[in-house]
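# Report on the structure
Listed here are the chains, written in short residue letters.
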Amino acid sequence: MDAGMLIIMFALVMLFAFLGLGAWATVKAVGAAKRGVDRTITQARRTVEDTALKAKSLGQVGVGGALAQLRLDLRTSMRATQDALTEGARTDASLKESLALFERLSAHGHELDDELKRLEQEPDRARVAQALPDLRERAAKITQAADSLRWAARDRARRFADDELSSLSSQIEVESDALRDWASRRDSLDDLAAAAAAWDAGAAPAPGVASGPAADGGAGQDARGRQGSAPAPALNPSVTPPTYPWQKSPRPEATT
């Protein structure tokens, strides 16, 4: 097999790999888009149902209004607990166990909500009225359990925030004390430096006045210089030197 065939095979393998990667990315994108659409549809359906339940609970009296109010309270409590636990589990791993318990509780909540929804269409209102106390008790148990999980998660998050704030405040207080101590030490060092400078200025000789051996040496040198440079006593100009017969008379210098 020559090099050309190897290059062609390698190119085909890379092409298939890119095609497979593109197909996988396309499937993932389609799946994400589908989940987004489903989530939007579910939220819109929930909003419509909640609005209808609010209207029924306010507009209807008797069994129909009581059933609508039970469904509305149940759905509101379960949705609030689910949102709180899901958001808290992103930062606190210990809430995953609570979230698992809530999933088990949600099964009972969905079962009760479906039953209440069927009873809304039940024509025998007397039979529904007889079952209404038991339905209220079941709904109260589910909502109380959901509320307990939700408030426990919120208390835990608030406790973590308070602990972090206390620790941060302690660290800031220690840092502030360290800064104040450093500033006082700096002031002391500045005072010592100023005192040393004042001492040096007071011990230094006045300008133009020499002191010490150097001054004494200079004075001795000046005295010796004055003695060495003093002119010798001049000869008496009035005394004329003696003349001798063999000396010639001085001849005046010729001037031209």
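Residues numbered from 1 in each chain as written. Predicted model: local features only at pLDDT ≥ 70, side-chain atom pairs only at ≥ 80, totals over all residues. Heavy atoms only, no water.

On to helix 3 (residues 95-120). Between its first and last C-alpha atoms helix 3 spans 36 Å; for 26 residues at 1.5 Å apiece the expected length is 38 Å, and the two agree. Looking at helix 3, one finds that the buried residues are Leu-95, Ser-98, Phe-102, Leu-105, Ser-106, Gly-109, Leu-112, Asp-113, Leu-116, Leu-119 and Glu-120. (Helix = DSSP H or I, 4+ residues; strand = E, 2+ residues; numbered from the N terminus. Expected span 1.5 Å × (residues − 1). Buried < 20%, exposed > 50% of the residue type's maximum accessible area, 1.4 Å probe, protein only.)

Leu-67, Met-78, Leu-112 and Leu-135 are the most contacted members of the largest nonpolar core, which totals 22 residues. For this core, the secondary structure elements donating two or more residues are helix 2 (63-89), helix 3 and helix 4 (125-203). When near neighbours in sequence (up to four residues on either side) are disregarded, Leu-112 contacts Leu-74, Leu-135, Arg-138, Ala-139 and Ile-142. (Core = buried A, V, L, I, M, F, W, Y, C linked by side-chain atoms within 4.5 Å. Contact = heavy atoms within 4.5 Å.)

Another aspect to go through is the pattern of salt bridges. If you walk through the whole model with that rule in mind, you get nine salt bridges. Notably, a salt bridge pairs Glu-115 with Arg-138, separated by 2.9 Å at the nearest N-O pair. With Glu-115 in helix 3 and Arg-138 in helix 4, this residue pair connects regions lying 23 residues apart in the sequence. In this structure, Glu-137 and Lys-141 form a salt bridge, with 3.9 Å as the shortest nitrogen-oxygen distance. Placement of the pair is Glu-137 and Lys-141 together in helix 4, with a separation of four residues, close to one helical turn. Each member of the salt-bridge network shares a partner with another, and the members are Arg-71, Arg-75, Asp-113 and Glu-120. (Salt bridge = Lys/Arg side-chain N within 4 Å of Asp/Glu carboxyl O.)

Right, let's get into the side chain of Thr-143. Examined against the element boundaries, Thr-143 turns out to sit in helix 4. Not counting chain neighbours up to four residues away, the residues in contact with Thr-143 comprise Asp-73, Leu-74 and Ser-77.

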